[in-house]
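# Coordinate inspection notes
For reference, the chains in residue letters:
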Amino acid sequence: MSRLVVISNRIADPRKPAAGGLAVALGESLQQTGGLWFGWSGNIVEEAPTGEGELRVQQAGKTTLATIDLGREDHDSYYLGYSNDVLWPVFHDRLDLANFDAGFISGYRRVNQLFARKLLPLLKPDDIIWVHDYHLIPLAAELRGMGCRQRIGFFLHIPLPPHIIMAAIPQHEWLMRSLFAYDLIGFQTHQDVQHFEQYVRNEANGEVKGQGLYRAYGQTVRCRAFPIGIDVDEFAALTHAKESREMFETMRREYSSRRLLLGIDRLDYSKGIPNRVRSFRELLANYPENRRSATLIQIASPTRETVDAYADIRRELESLCGAINGDYGELDWMPVRYIHRMVARKRVPGLCRAAAVGLVTPLRDGMNLVAKEYIAAQDPADPGVLVLSRFAGAAEQLKEALLVNPYDTHGTAETVQQALQMPLEERRERHQMLLSRIRAEDVHWWRRTFLDALRAAESVR
Ligand code: G6P
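As recorded in an unreviewed UniProt entry, the protein goes by Trehalose-6-phosphate synthase and comes from Variovorax defluvii. Per UniProt, the comment on the protein under Sequence similarities (unreviewed entry) is "Belongs to the glycosyltransferase 20 family." Turning to the protein, the UniProt record has this under Pathway (unreviewed entry): "Glycan biosynthesis; trehalose biosynthesis."

This is the structure:
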């Protein structure tokens, strides 16, 4: 079997216990094929010249980890700038937050060229290459320009926006043209594929050839949806591990006469956390029986804090939580417990299991794996209810969740009340269906289907 080469901005060491499902799933494949994982080391070198970075190669079992450092200027324009101040907001339909600073694009190109240049000598002729996410859209085009002929696939972990939004990016044509250098493009949802199709027709004057083939810019590419999943068995096993059981028991003791609602997110404006807190406030206002009873635990882990929009959302959330606790809190009950830290991954399943309602209500999200983790952690005999945004990619699959529009504060509050009151029989039925869905399309299925499709993809370019 050909060797697998994975490239992503962040790499996770599959040997480390904190590694999530994706790292574990990719790690497994890499171990099987004696693969290579290439990406940014996470180090920033202050005075480094642009377009340069030291390469470090180390062995982790059968997997080779190759990482490069980034200079400050490259990091700021490629990662903070173009990736997270242009592509992230626009791909999440937030044109209002995009910062089209003309200086960012050169850093983005430079780092993609640097990745390509450093990777090329490490490649073997029959490698199969899998590039991940929006930081690296032009990587295949750069590699092709340097003579790379290996099969290359791309998976976008975030949504692809409608063509009219995409076209707001000054370099949209260049970005979309770059995608045609891949042999296979994977999206999270059918909706993303439709957006790609609309772009090809309306902006690129291209052709939809059927059977997942698209022609534009004189090239043809394959594209389809591969919804990412979780490792259900691993997560269920974690639920029964010591740390998780302790967490569950602590929460159950502390909330014995109370109902727990839970949100776990990176503190990102796409996650709709302030909207969620406003809906919770409306729940307390409209259904007073929940006062002194329902508690919202919101874990919002710090992320990309030097990008302005992230500092703004933190301030907004903190003021909202303060206001609701001031207005509704009692000496022996606080409505919102807001935690601006990471929670150890080992404790997350126990926390999920203790929550009567899982609130996964992003304004926009590629997939959202917390929704799937919440389901996997539940006790099938007495499961909690998942309240899920219709704008999360997961909503295409998780049809038995209670779907909400997170912009509709009142409607969301009504649905949360419905979740709190749902009879046991209905909770069980919904949970059983949801569990079978996340089992059928788990992370192993996702990896296998993508790699099988990439291996089978004969060149159509
Ligand atoms: C999203 C992106 C990932 C990214 C992660 C964490 O899930 O799709 O590519 O790694 O957020 O963000 P960060 O900027 O810390 O890598």
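We now examine the overall build of the protein. Helix and strand content of the protein: 16 helices and 16 strands. On C-alpha atoms alone, the protein measures out to a radius of gyration of 23 Å, which is about the 23 Å that the 2.2 N^0.38 rule sets for 461 residues. Seen along its three principal axes, the alpha-carbon backbone of the protein occupies a region of about 65 × 50 × 45 Å. Each of the 461 residues in the protein was classed as buried or not, and the buried ones make up 48%. Pairs at least 24 residues apart make up 76% of the contacts formed inside the protein by residues separated by at least 6 positions.

The residue Asn-205 is not glycine, and still its phi comes out positive at about 55°. Mapped onto the elements, Asn-205 comes out in the loop between helix H7 (190–202) and strand E8 (207–210). Of note in this structure, Asn-368 is not a glycine but carries a positive phi near 85°. The topology assignment puts Asn-368 in the loop between strand E14 (357–360) and helix H13 (369–377). For Asn-368, a count of 25 C-beta atoms within 10 Å gives the class buried.

Taking 1.5 Å as the rise per residue, helix H15 (residues 424–440) with 17 residues should run 24 Å; its terminal C-alpha atoms sit 24 Å apart, in good agreement. Within H15, the full set of buried residues consists of Arg-430, His-431, Leu-434, Arg-437 and Ile-438. With its buried residues spanning 125° around the axis, H15 presents them on a single face. For H15, the exposed residues set more than 90 degrees away from the buried face come down to Leu-424, Glu-425, Ser-436 and Ala-440.

With that settled, the discussion passes to the nonpolar core. Of all hydrophobic cores here, the largest spans 133 residues; its most connected members are Ile-7, Leu-261, Leu-386, Val-387 and Leu-388. Setting aside residues up to four positions removed in sequence, Leu-388 forms contacts with Val-360, Ala-371, Ala-394, Ala-395, Leu-398, Ala-401, Leu-402 and Leu-403.

A few words now on the environment of Gln-59. For Gln-59, the position within the fold is in strand E3 (residues 55–60). Using a count of 8 C-beta atoms within 10 Å as the deciding quantity, one classes Gln-59 as exposed. Sequence separation of Gln-59 and Arg-364 is 305 residues, and the distance between their C-alpha atoms is 38 Å.

Reading the values: rules and limits
Sequence order as written defines the numbering, with residues in each chain counted from 1. For this predicted model, a pLDDT threshold of at least 70 governs which residues receive local features, and a threshold of 80 or more governs which side-chain atom pairs are given and counted, while totals over whole chains, interfaces and linings are taken from all residues. UniProt positions are given in the numbering used here, feature names are shortened, and annotations may be inferred rather than shown by experiment. Segments assigned H or I by DSSP are reported as helices when at least four residues long, segments assigned E as strands when at least two residues long, and all are numbered from the N terminus. We compute the radius of gyration from the C-alpha atoms alone; for a globule the expected value is 2.2 Å times N to the 0.38, where N is the number of residues. As a rule, residues whose C-beta atom has 12 or fewer other C-beta atoms within 10 Å are exposed, those with 20 or more are buried, and those in between are partly exposed; C-beta atoms are placed from the backbone. A pair of residues counts as a contact when their C-beta atoms, built from backbone coordinates, are separated by no more than 7 Å. Under the convention used throughout, the expected extent of a helix is 1.5 Å for every residue step, that is, one less than its residue count. Regarding the arc, it is the one traced by the directions from the helix axis to the C-beta atoms. In this usage, the nonpolar core is the set of buried Ala, Val, Leu, Ile, Met, Phe, Trp, Tyr and Cys residues whose C-beta atoms join them within 7 Å.

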